[in-house]
Amino acid sequence: MTEAILLVGGKGTRLRPLTVHTPKPMVRAAGVPFLTHQLARARAAGVDHIVLATSYLAEVFEPYFGDGSALGLHIEYVTEDEPLGTGGAIRNVASRLHSAPDDPVLIFNGDILTGLDIRALVATHESTNADVSLHLTKVTDPRAYGLVPTDPSGRVLAFLEKPQTPEEIVTDQINAGAYVFRRSLIDTIPAGRPVSVERETFPGLLAAGAHLQGMVDSTYWLDLGTPAAFVRGSADLVLGRAPSPAVPGRCGDRLVLPTARVAADAKLTGGTVVGEGAFVAEGARVFGSTILPGAVIEPGAVITDSLIGTRARVGERSVLTGTVIGDGAVVGADNELREGARVWCDARIPAGAVRFSSDQ
């Protein structure tokens, strides 16, 4: 296996305001754009040619990654004029692939952080002579996902939409967002229109008698579609719970990037990242959070499970839990923001304006 397609065209709507100025795969996780972790893991598994299927803010990818040589890869970029969905995006980049008709092509969704054994998925694909092989993972509560039941040999039996009743939960296996396609099958996806690989391509192949193989790999897996999940994923990369050769430093409680400044008595724990040029002042406490480049955390602020955007500022003694502060926003002193709060880019919150407790 030498080729892969990475689907990185989504708008990242659920992650806004993180994705107002930055496409989701380029939001920093553990100090580098999340896409860097996926590229590095693909390279470690033997992939050397990757095609990025881009759409939203497509112009930011190539200036950062170039031809991929810095990562030991050859990267090409294909931009959709109109969003084509997962299947349509795969078909749209087919002309850039070099593989022979029966060769395996690896396909990743650009918002999944996983410890998947990529080589094992390819080996399963080849040993079972499958047309398409899918990474499946088991979840405790599968109601939010499409279910993928398999027979004892791992052959996929059906693709079931999100179950609505307990009786519809026939398996705890879900589609984990990584696939191996037989190269020739990519050309059977309709060109030039939106296609969902999950809702149209896979069920259609199954109905036509194709061999779809599932491989259950229940190592680390996280969909980074929400701010809370993205913050957790970054922390897990820093802590070493999620594997990546691209973390720019040792795994541990904290990751402080070059040119960042942290006061001697500031406390950083729980997989916290402080980006380049950011400043964490004296007495501040930051747990399990991401401080993006150029952000300022003023004295005595307490930040937990949150993401502070590029060049944003959090005022003295403000307490943030489970919140997202957009690029360039300012949270004045003595504010309290709780789970789910999102402060938009360049917004200004005056001192003491938002609280969940008395000001005394």
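All chains use their own residue numbering, which begins from 1 and follows the written sequence. Where local features are concerned, this predicted model is filtered to residues with pLDDT of at least 70; where side-chain atom pairs are given and counted, the filter is 80 or more; whole-chain, interface and lining totals use all residues. By convention in this description, side-chain values take in all heavy atoms of the structure and omit both hydrogens and water.

Visitor: How should I be thinking about the overall build of the protein chain in this particular structure?
Guide: Strands are runs of DSSP state E lasting at least two residues, helices are runs of H or I lasting at least four, and both sets are numbered from the N terminus onward. A tally of regular secondary structure across the protein chain gives 7 helices and 28 strands. We compute the radius of gyration over the C-alpha atoms and compare it with the globule rule, which gives 2.2 Å times the number of residues raised to the power 0.38. The C-alpha atoms of the protein chain give 22 Å as radius of gyration, which agrees with the globular expectation for 360 residues (21 Å, within 12%). Dimensions of the protein chain, computed from C-alpha atoms along their principal axes, come out at roughly 70 × 50 × 35 Å. The criterion used for residue contact is that any of the two residues' heavy atoms lie within 4.5 Å. Counting only contacts in the protein chain whose residues sit at least 6 apart along the sequence, the fraction spanning at least 24 positions is 51%. Accessibility throughout is a Shrake-Rupley quantity obtained with a 1.4 Å probe, and a residue counts as covered only by protein chains that appear here. For the protein chain, the accessible surface area stands at approximately 15,000 Å², while carbon and sulfur atoms represent 51% of it. Positive: Lys, Arg. Negative: Asp, Glu. His and the chain ends are not part of the count. Working definition for charges: the position is that of NZ of Lys, CZ of Arg, CG of Asp or CD of Glu. One way to put it: in the protein chain the 32 positive side-chain charges average out to a point 4 Å from where the 40 negative ones average out.

Visitor: Looking at this structure, I do not really get the environment of Glu 200. What am I missing?
Guide: Locating Glu 200 in the fold gives a position in helix H6 (residues 197-207). In sequence terms Glu 200 and Thr 19 are 181 residues apart; their C-alpha atoms lie 28 Å from each other. Each residue touching Glu 200, except ones within four places of it in the same chain, is listed here: Pro 190, Arg 193, Pro 194 and Val 195.

Visitor: In this structure, what is going on with the packing of helix H3 (residues 85-92) against H6? I would like to understand it.
Guide: A packed helix pair is summarised by two numbers, namely the angle formed by the two axes and the spacing between the axes. For the pair H3 and H6, interaxial distance at closest approach is 7 Å and the crossing angle is 70°. It follows from the interaxial angle that H3 and H6 lie roughly perpendicular. Of the residues in H6, those in contact with Thr 86, Gly 87 and Ile 90 of H3 are Val 197, Glu 198 and Thr 201. Polar here means any residue other than Ala, Val, Leu, Ile, Met, Phe, Trp, Tyr, Cys and Pro, which are nonpolar, and Asp, Glu, Lys and Arg, which are charged; Gly is therefore polar. Here the residues of the contact of H3 with H6 are counted per class, giving 2 nonpolar, 3 polar and 1 charged. Geometry is summarised by axes, namely lines fitted to C-alpha atoms with helices restricted to the contacting stretch, and by angles between N-to-C directions that run from 0 to 180 degrees. Oblique is the label for any angle not under 35 degrees, not over 145, and not in the 65 to 115 range, which are roughly parallel, roughly antiparallel and roughly perpendicular in turn.

Visitor: Looking at this structure, how should I read unusual backbone geometry?
Guide: Keep in mind that most residues, glycine aside, have a negative phi and that most peptide bonds are trans. Cis geometry marks the peptide bond from Arg 16 to Pro 17; its omega dihedral reads 15°. In this structure, Pro 17 sits in the loop between strand E1 (3-7) and strand E2 (28-29). Phi angles above zero are rare outside glycine, and Arg 311 is one such case at about 65°. For Arg 311, the position within the fold is in the loop between strand E21 (307-308) and strand E22 (313-314). Looking at Arg 311, the relative accessible area reads 56%, which means it is exposed. Backbone geometry places Arg 317, a non-glycine residue, at a positive phi of 65°. Along the chain, Arg 317 falls in the loop between E22 and strand E23 (319-321). For every residue, the accessible area (1.4 Å probe, protein chains only) is compared with the maximum for its type, and the residue is labelled buried under 20%, exposed over 50%, or partly exposed between those bounds.

Visitor: For this particular structure, what's the right way to read helix H4 (residues 118-127)?
Guide: Because an α-helix packs 3.6 residues into every turn, residues spaced three or four apart end up facing the same way. For H4, the full list of buried residues reads Ile 118, Leu 121, Val 122, Thr 124 and His 125. The buried residues of H4 occupy an angular sector of 155° when projected down its axis, which confines them to one face. Residues of H4 that are exposed and point over 90 degrees away from its buried face: Arg 119 and Ser 127. Along its buried surface, H4 packs onto helix H1 (34-44), strand E6 (104-109), strand E8 (132-138), strand E9 (173-182) and strand E10 (212-216). Here a polar contact is taken to be a pair of N or O atoms separated by no more than 3.5 Å, where protein atoms must pair a possible hydrogen donor with a possible acceptor and residues adjacent in sequence count only if both atoms sit in side chains. With a side-chain oxygen lying 3.3 Å from the backbone nitrogen of Arg 119, the N-terminal cap of H4 falls on Asp 117. Relevant arc is that of directions from the helix axis to the C-beta atoms, nothing else.

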